[in-house]
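Survey of secondary and tertiary structure
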Amino acid sequence: PALLAGRRPPVQGPGGCRGILRWRPVVHSVVATEADVALVCLTRDAVIAAVQEYGAAWIAQDASRIARLFAEDGVYIERILDKGGTFRGRGAIEEYWRRQILGKQSNIRFRHVVGDMVLDSEQRRAVVKWLAEFDNFRPDAHGDRPAEKQVRFVQMAILHFTPDCKHISHLEEYERSCEKKRYRWPALDSPEDQLQRMFRMEPGSWDDSPALRCLCEQCGEEFGSRNDLFRHLRTGGPSGQCGTDTWGKYEPPSGTNRPSRRNVALTVSYLGAGGGGGGDGPDEALEQLVARAVQSAFPSQPGEPPMRQTFRSAVAAERAPKALVNVVTLFLPREAEVVDDEAVTIALNAAFETQGSNVKVLWCTGLKPAFRPRVFFERFEVVVPYDLLLGPGITSGDIPGVGRPAKEWATLSGEDRKQHLQELSHVRRRVVAYRELVDRREGGRRAGAMVSGRQDPLRFHHLQAQVLVGPMQVHYVALSLALRRRSVSQGSFSVVSFEDLRGILSQTIAWIRGNIGEDDVLQGVLVPKVPAECIYLGEPRMDKAEMLLGRSLCGVMCMTPEQASVLGAHTAEFHQRMAAKEDKLRSWAAALPVKATPAKM
């Protein structure tokens, strides 16, 4: 046991006496070279330099500078035992800071409390403490939650360094928020000894704290903190003139380096003065057109950070030329942060007109920086003359057909109106019957789709015969269709291809006309498809985003009377241009067989 304990066994005393036992400790001698000491010893100055560089990079909002402090395989733990709060590798750390920190914090102040450092030189570890305060911009703020909030906290961090002590291999953070009123927050430029007395709440320590005067040089008003002073300068003060001449003096570095927060959704059409419209789409890529118009309407100032590359189109590029309206989201330059939505619409339309583009902004909707509206489904339409829908076996009565003098609804006699409503009711009943037949056909695919290898079933979101407005009301009807496919294996929905949409619209018209019967629909017969140029995308439905916003992006939900008027005039013009392609539709209908050959869709 004595040997196991690292000690020599007892020896006898003088004269062989065993009454007095003496223990001899084992002393191990290790001679370390200077190179070994350099590898294992971490100096206090190295830790201070690393923490100061961390704070300076944070204030400058420089993600790459933060990442360079870490080793290539370094680990940054923002929240302990949280998988989402742990980042491995220099690239992941930089991406986190770029995504989560940059642009969301301003007026950052950082103070390393050097006196509270705990250092383990041999293990290359240190425990440090710092104080931080900043204005946090919350893009998900809604209701009573303010968009900006002042954050103050004391943070402890455990730092592990690499063997050469040049990089951080592991950083683990713990923080204590000090935002509530019961906390007293010290001036971060207080001397170290006084800061320690403040931590211990020693009597008189807070009263002796040096006062930091935050004075507006133009109006003479004094503020309790630099944050309050900066807010005063941003708004211009009561006179509106504070900060206008000396803005560069008061603008914090984090404010000048941050990207724009002006996120907007533009509801656009392709019927401007410079283009043909009517489903022809823009003459060049929509993203390039919008980028040039934005730069022309809101030119960037020298030294301003580049715009975020966040252009998103609700309608895919290949479908955009067939869209009645489209919704694009993007960040405008910082010059547009003080411009309201209506002024943005006017400025961009003027820029598009100067370029000779056929793109036109119907209205602009301001969004929160992190808001990303998503398309729920797409609604396609085809404008069909009434007499073509009635088919060869049904008479149109006295209702004027295409090619006859146009008549408004108000000028029709009572009998004409009655006849028109009867025919409209007949078309709508046939549409409802067709939808029920397709639901019966597709419902059989739920259980056997994966076994038989048949494609996933179709699900209708929308199939209606819609009445038009204006002179076209008594001559045309718009067949509107929205479909999605339900994945039997995953239980989710996917977008239906344009060719499948053409097939359903073609079969709908053939069914209404009487070219195919009930058995043909249930068997999924193939009929010649409607010419692609006669079909257009009515709108990308974004119902969930519109409900969250409480405003309309392109649908009737939450639409204001002004937006409804703008969209109504645009839709009427679009329908007239689509009706100009009526000859192709009539040629297609004339070629429909009386009885199509049954085939699986």
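The structure reproduced in this document is the subject of the present report. (Residues numbered from 1 in each chain as written. Predicted model: local features only at pLDDT ≥ 70, side-chain atom pairs only at ≥ 80, totals over all residues. Heavy atoms only, no water.)

**Focus: the overall build of the protein chain**
Note the following rule: Only runs of H or I of at least four residues qualify as helices and only runs of E of at least two qualify as strands under DSSP, and these elements are numbered from the N terminus. Relative accessibility thresholds used throughout: buried, under 20% of the residue-type maximum; exposed, over 50%; partly exposed, between the two (1.4 Å probe, protein chains only). Should any heavy atoms of two residues lie within 4.5 Å, those residues are counted as being in contact. Accessibility throughout is a Shrake-Rupley quantity obtained with a 1.4 Å probe, and a residue counts as covered only by protein chains that appear here.
When helices and strands are tallied, the protein chain shows 18 helices and 18 strands. Within the protein chain, the proportion of its 601 residues that are buried is 45%. If you take every contact in the protein chain between residues at least 6 apart in sequence, the share linking residues at least 24 apart comes to 68%. A total of about 30,800 Å² of accessible surface is found on the protein chain, and carbon and sulfur atoms cover 53% of it.

**Describing the pattern of salt bridges**
Inclusion rule: Here, a salt bridge means any side-chain nitrogen of Lys or Arg that lies within 4 Å of a carboxyl oxygen of Asp or Glu.
Taken as a whole, this structure holds 18 salt bridges when the rule is applied. Its salt-bridge partner being Arg 109, residue Glu 133 comes within 3.6 Å of it at the nearest N-O pair. One end of the pair, Glu 133, is in strand 5 (residues 125–137); the other, Arg 109, is in strand 3 (residues 105–112), with 24 residues separating them in the sequence. This pair shows no difference in class: Glu 133 is buried, exactly as Arg 109 is.

**Describing the side chain of Thr 508**
Note that Thr 508 resides in helix 14 (residues 498–513). Taking relative accessible area as the criterion, Thr 508 reaches 0% and is therefore assigned buried. Here Thr 508 is in contact with Tyr 434 and Leu 479, once residues within four sequence places are set aside.

**Focus: a nonpolar patch on the surface**
Stated formally: Surface patches are defined over residues having more than 30% relative accessible area and no salt bridge, joining like charges when they lie within 9 Å and nonpolar side chains (Val, Leu, Ile, Met, Phe, Trp, Tyr) when within 5 Å.
A cluster of nonpolar side chains, contributed by Ile 80, Leu 81, Met 156 and Tyr 174, occupies part of the molecular surface with about 410 Å² of accessible area. Along the polypeptide, Tyr 174 turns up in strand 7 (residues 168–177). With a relative accessible area of 36%, Tyr 174 lands in the partly exposed category.

**What about the sheet that holds strand 10 (residues 263–269)?**
The strands making up a sheet associate through hydrogen bonds between their backbones, and the pairing can be parallel or antiparallel. The following threshold applies: The pairing criterion for strands is at least two bridges between them, as found by DSSP. Here the axes come from fitting lines to C-alpha atoms, over the contacting stretch only for helices, and the angles between their N-to-C directions go from 0 to 180 degrees.
Taken in spatial order, the four strands line up as 11-12-10-13 in an open sheet, and their pairing is antiparallel. The open sheet has two edge strands, strand 11 (312–313) and strand 13 (360–367), and neither has a second partner. By the bridge criterion, seven bridges tie strand 10 to strand 13 in an arrangement that is antiparallel. In the sheet register, Val 264 faces strand 13, and the bridge partner there is Gly 366. The strands touched by helix 17 (residues 561–579) within the sheet are strand 10 and strand 13, with strand 13 carrying the most contacts at an inclination of about 150°.

**Details of the packing of helix 12 (residues 414–443) against helix 14**
Definition in use: Each angle gets one of four labels, with under 35 degrees taken as roughly parallel, over 145 as roughly antiparallel, 65 to 115 as roughly perpendicular, and the rest as oblique. For any pair of crossing helices, the crossing counts as left-handed if the nearer helix is rotated counterclockwise from the farther one by less than a right angle, and right-handed if it is rotated clockwise.
Interaxial distance between helix 12 and helix 14 falls to 9 Å at its minimum, and their mutual angle equals 125°. Classified by the angle between their axes, helix 12 and helix 14 sit oblique to one another. By crossing handedness, the relation of helix 12 to helix 14 is classed as right-handed. Residues His 426, Val 427, Arg 430, Val 431, Ala 433, Tyr 434, Leu 437 and Arg 441 of helix 12 pack against Ile 504, Gln 507, Thr 508, Trp 511 and Ile 512 of helix 14.

**Some thoughts on the packing of helix 9 (residues 286–297) against helix 10 (residues 341–355)**
At a minimum axis distance of 8 Å, the contact between helix 9 and helix 10 shows a crossing angle of 115°. Taken as axis vectors, helix 9 and helix 10 run roughly perpendicular relative to one another. Crossing handedness for the pair helix 9 and helix 10: right-handed. Together, Leu 289, Val 290, Arg 292, Ala 293, Val 294, Ser 296 and Ala 297 of helix 9 and Ala 347, Leu 348, Ala 351, Phe 352 and Gln 355 of helix 10 make up the contact between the two elements.

**Details of the environment of Ser 480**
Formally: Pairing of N or O atoms within 3.5 Å defines a polar contact, subject to two protein rules: one partner must be a possible hydrogen donor and the other a possible acceptor, and residues neighboring in sequence count only if both atoms are side-chain atoms.
Inspection of the secondary structure puts Ser 480 in strand 16 (residues 476–486). For the pair Ser 480 and Leu 463, spaced 17 residues apart in sequence, the C-alpha separation works out to 5.5 Å. Residues in contact with Ser 480, not counting those within four places in the same chain, are Arg 379, Phe 380, Glu 381, His 462, Leu 463, Gln 464 and Gln 466. Among the polar contacts listed, one links the side chain of Ser 480 to the side chain of Arg 379, at a separation of 3.4 Å.

**Regarding unusual backbone geometry**
Here the phi dihedral of Leu 81 falls at roughly 60°; this positive angle occurs in a residue that is not glycine. Within the element layout of this structure, Leu 81 appears in the loop between strand 1 (70–77) and strand 2 (86–88). Backbone geometry places Met 201, a non-glycine residue, at a positive phi of 55°. Residue placement: Met 201 occurs in the loop between helix 5 (192–199) and strand 8 (214–215).

**Concerning the pairing of strand 1**
When you tally the buried positions in strand 1, you get six out of eight residues, the bulk of the element. Looking at chain direction, strand 1 and strand 7 are connected through four bridges and run parallel. By the bridge assignment, Phe 70 is partnered in strand 7 with Ile 168.

**As for the nonpolar core**
Rules: We call a set of buried residues a nonpolar core when its members are Ala, Val, Leu, Ile, Met, Phe, Trp, Tyr or Cys and they connect through side-chain atoms within 4.5 Å of each other.
In terms of nonpolar packing, the biggest core is built from 66 residues, with Leu 266, Leu 348, Val 382, Leu 479 and Ile 509 touching the most fellow members. Per element, the largest residue contribution to this core is eight residues, and it comes from helix 14. If near-sequence neighbours (up to four positions away) are discounted, Ile 509 is found in contact with Val 382, Val 384, Leu 388, Leu 389, Leu 479, Val 530 and Trp 588. Of all hydrophobic cores here, the second largest spans 33 residues; its members include Tyr 54, Tyr 76, Ala 157 and Leu 171.

**Brief notes about the packing of aromatic side chains**
This is how the line gets drawn: Between 30 and 60 degrees the pair is tilted, below 30 it is stacked and above 60 it is edge-to-face, where a pair is any two Phe, Tyr or Trp rings, Trp via its six-membered ring, whose centres lie within 6.5 Å.
All told, the structure shown has 15 aromatic pairs when counted by the stated rule. Here Tyr 76 and Phe 87 contribute two aromatic rings whose centre-to-centre distance is 6.3 Å and whose plane-to-plane angle is 25°, an arrangement assigned as stacked. Remark: Phe 87 occurs in strand 2 and Tyr 76 occurs in strand 1; sequence separation between them is eleven residues. A residue is classified by how much of its surface remains accessible, and Phe 87, at 10% relative accessible area, is buried.

Remember that the coordinates give geometry; whether it matters functionally is a separate question.
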